[in-house]
There are 2 protein chains.
Amino acid sequence: MQYSISLIGAGNVAWHLAQALENAGHQIREVYSRRVQQAEGLANKLYDAQVVATLDFSGSAATVFLLCVPDDALTAVVEQIILPDNEAILCHTSGTQPGEILLGYPNTGVFYPLQTFSKSRRLDVSTTPFCIEASNSQTEKILVEIAQSISQTVYLVSAQERKVLHIGAVFACNFTNHLLAIAKEILDREDLEFDLLKPLIKETFEKALTAPDPNLVQTGPAARGDYQTLQSHLAYLQDQRNKKAIYESVTENILQMAGKKKNE
Amino acid sequence: MQYSISLIGAGNVAWHLAQALENAGHQIREVYSRRVQQAEGLANKLYDAQVVATLDFSGSAATVFLLCVPDDALTAVVEQIILPDNEAILCHTSGTQPGEILLGYPNTGVFYPLQTFSKSRRLDVSTTPFCIEASNSQTEKILVEIAQSISQTVYLVSAQERKVLHIGAVFACNFTNHLLAIAKEILDREDLEFDLLKPLIKETFEKALTAPDPNLVQTGPAARGDYQTLQSHLAYLQDQRNKKAIYESVTENILQMAGKKKNE
């Protein structure tokens, strides 16, 4: 079934979802953003979406309202929303916020795409896992149906599971990105090009993602229990306090997982 | 020019280099391994390489001897090697060991492929950067020539630069792999499939490697200065001491790089 959907927020998430939803046959009715220009930019990409300047949707023909605003703006935005009627569904797209943040409306849910979105990068939404949670079974049915119309991978995920997925994503994505940034800094200090490491980084990730468990393909001085190299690296990082702290904490854990240490 | 090369070691590195070297027209004369079966397995893949059982190469027709043994075996192996004559070149392939470990021979060098090798994975050696260091200019010329015959990217790299590249690689590859292993562990504890995170991980890495600097595309609660989420994640990790220590040290550094904290 096709749904009439309005978007609250016109950032990276809204940008990618809106186009995927239209391609799946849904109609985007309205686009709201605090920054009107952003709403206009997005609406221009869509068939007949209207830019709206307030969060009063009492006259809207949409049945699903998708919140795509940053976590820290969510509560303030929700307080201002007026839905057209009691049948309307209000859902957010956040990995961290509980569904309860939408309380006060009868049909609410979470429509969380487990992906990182940038306007400047094309992305295949169909391979993005969607995590759905809803306040009642009819809402759940509709949100699952919409998610399945744009993605091959749709899961019912409780708030607790969503939190754990988010913590996993922080390690697997935010932290790994930061380690790549640190590696670049380390090379920059010696005027070495970060490009030199890129083939190795690519192969590392492909290997980790095709292995049954990344731990099975762990390499490096800590995995080998090569304390001489570890000491020499720590000595080099001596004047870079934070990098040294990261080196120590990650190394400690690799040593333990590799069975090179006995404590814990 | 084509060279006659003998391989000391028949592990992952020797496996990939031997075939690339043969494809480039060089002749692999001998393969030595402590584990004779490994040497036989590799020699069987090559045109007319002989398996040898000792490190006495006094009768060898090879001019370049490539050490592909684990770091911790290197010194012991080097002590036993007898080269055919004073013209022969002895080089190792280690990212961590100094060239001086080969002292005692007149023509020595380092022939370090900045890549992670597994026998079970096909790998395009031509995109692997090779870091070359040599004890004299004639040896350097020959090692660069051999490296360029199998790779598009060949750099002259000092021992200090090689060490820094290796530290960068530890952060960018060994540590990132470990963070992926941690993410899988975190999901496993709640019976969530690691596959759910894979599209996000892939996109994260592609984004980081195409950005001018991974730091410019850093996302997540620490980059946003979202202390509420950070606290909630740390509370969840409370009984997983090592993961919590990693979470704290990496978060601390992201907060500082993002300008969300003022100290250091």
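Quick look at the structure, then. (Residues numbered from 1 in each chain as written. Chains lettered and ligands numbered in written order. Predicted model: local features only at pLDDT ≥ 70, side-chain atom pairs only at ≥ 80, totals over all residues. Heavy atoms only, no water.)

Moving on: the pairing of strand E2 (residues 27-32) of chain A. All names here are of chain A. Sheet analysis places strand E1 (residues 4-8) next to E2, joined by 4 bridges and oriented parallel. Within E2, the position partnered with Ser4 by the bridge is Gln27. Each parallel crossover has a hand, and the one from E1 via helix H1 (residues 12-23) to E2 is right-handed. The pairing of E2 with strand E3 (residues 50-52) spans 3 bridges and is parallel. Bridge assignment links Val31 to a residue of E3, and that residue is Val51. (Pairing = 2+ DSSP bridges. Helix = DSSP H or I, 4+ residues; strand = E, 2+ residues; numbered from the N terminus. Right-handed = clockwise from strand over helix to strand, strands pointing away.)

It is common to report an interface's size as the accessible area lost on association of the parts. Each partner contributes to the interface: chain A provides 89 residues, whereas chain B provides 89 residues. Roughly 8,700 Å² is buried in total at the junction of chain A and chain B, and carbon and sulfur atoms are behind 67% of that figure. On the chain A side of the contact with chain B, Phe171(A), Leu196(A) and Leu209(A) bury the most area, a combined 9% of that side's loss. Where chain A touches chain B, the interface holds 5 salt bridges. A salt bridge links Arg224(B) to Asp71(A); the nearest nitrogen and oxygen atoms lie 3.9 Å apart. Connecting chain A to chain B are 34 residue pairs in polar contact (both at pLDDT 80 or more). Taken together, the elements giving at least two residues each to the side of chain A that touches chain B come down to helix H5 (159-189), helix H6 (198-210), helix H7 (221-224), helix H8 (227-236) and helix H9 (241-257) of chain A. For the side of chain A that touches chain B, the element with the most residues is H5(A), which contributes 27 residues. Residues of the side of chain A that touches chain B, tallied by class, amount to 43 nonpolar, 26 polar and 20 charged. (Contact = heavy atoms within 4.5 Å. Buried area = accessible area lost by both parts, 1.4 Å probe. Salt bridge = Lys/Arg side-chain N within 4 Å of Asp/Glu carboxyl O. Polar contact = N/O pair within 3.5 Å; in protein donor to acceptor, adjacent residues only side chain to side chain. Nonpolar A, V, L, I, M, F, W, Y, C, P; charged D, E, K, R; others polar.)

With that out of the way, let us pick up the nonpolar core. Counting 80 residues, the largest nonpolar core has Phe171(A), Leu197(A), Ile201(A), Phe171(B), Leu197(B) and Ile201(B) as its most contacted members. Phe171(A) has contacts with Thr176(A), Leu179(B), Ile182(B), Ala183(B), Ile186(B), Leu237(B), Lys243(B), Ile246(B) and Tyr247(B), leaving out every residue within four places of it along the chain. (Core = buried A, V, L, I, M, F, W, Y, C linked by side-chain atoms within 4.5 Å. Buried < 20%, exposed > 50% of the residue type's maximum accessible area, 1.4 Å probe, protein only.)

Expressed as a screw operation, the relation of chain A to chain B combines 0.0 Å of axial shift with a rotation of 180°, fitting to an RMSD of 0.0 Å. The operation mapping one copy onto its partner corresponds to a two-fold rotation axis. Looking at the rotation axis and the C-alpha trace of chain A, the residue lying nearest is Thr176(A), at 2.5 Å. Same-surface contact between copies: 100% of interface residues of chain A are shared with the interface of chain B. (Least-squares fit on C-alpha atoms with pLDDT ≥ 70 in both.)

What follows deals with the environment of Ser120(B). Within the secondary structure layout, Ser120(B) lies in the loop between strand E6 (107-113) and strand E7 (130-134). On a C-alpha basis, the gap between Ser120(B) and Gln27(B) in space is 24 Å, while along the polypeptide they are 93 residues apart.

Residues and elements named next belong to chain A. Strand order in this open sheet of 8 strands is E3-E2-E1-E4-E5-E6-E7-E8, and the pairing throughout is mixed. Because the sheet does not close on itself, it has two edges, and the strands there are E3 and strand E8 (154-156). Neighbouring strand axes in the sheet, compared pairwise and without regard to direction, differ in orientation by 25° on average. Judged from the 4 bridges that link them, strand E4 (residues 64-67) and strand E5 (residues 89-92) form a sheet pairing that is parallel. Paired with Leu67 across the bridge in E5 is His92. Taken strand by strand, helix H2 (residues 36-45) contacts E1, E2 and E3, and its axis lies near 165° from that of E3. (Axes fitted to C-alpha atoms, helices over the stretch in contact; angles between N-to-C directions.)

The values are spatial; any link to function lies outside them.
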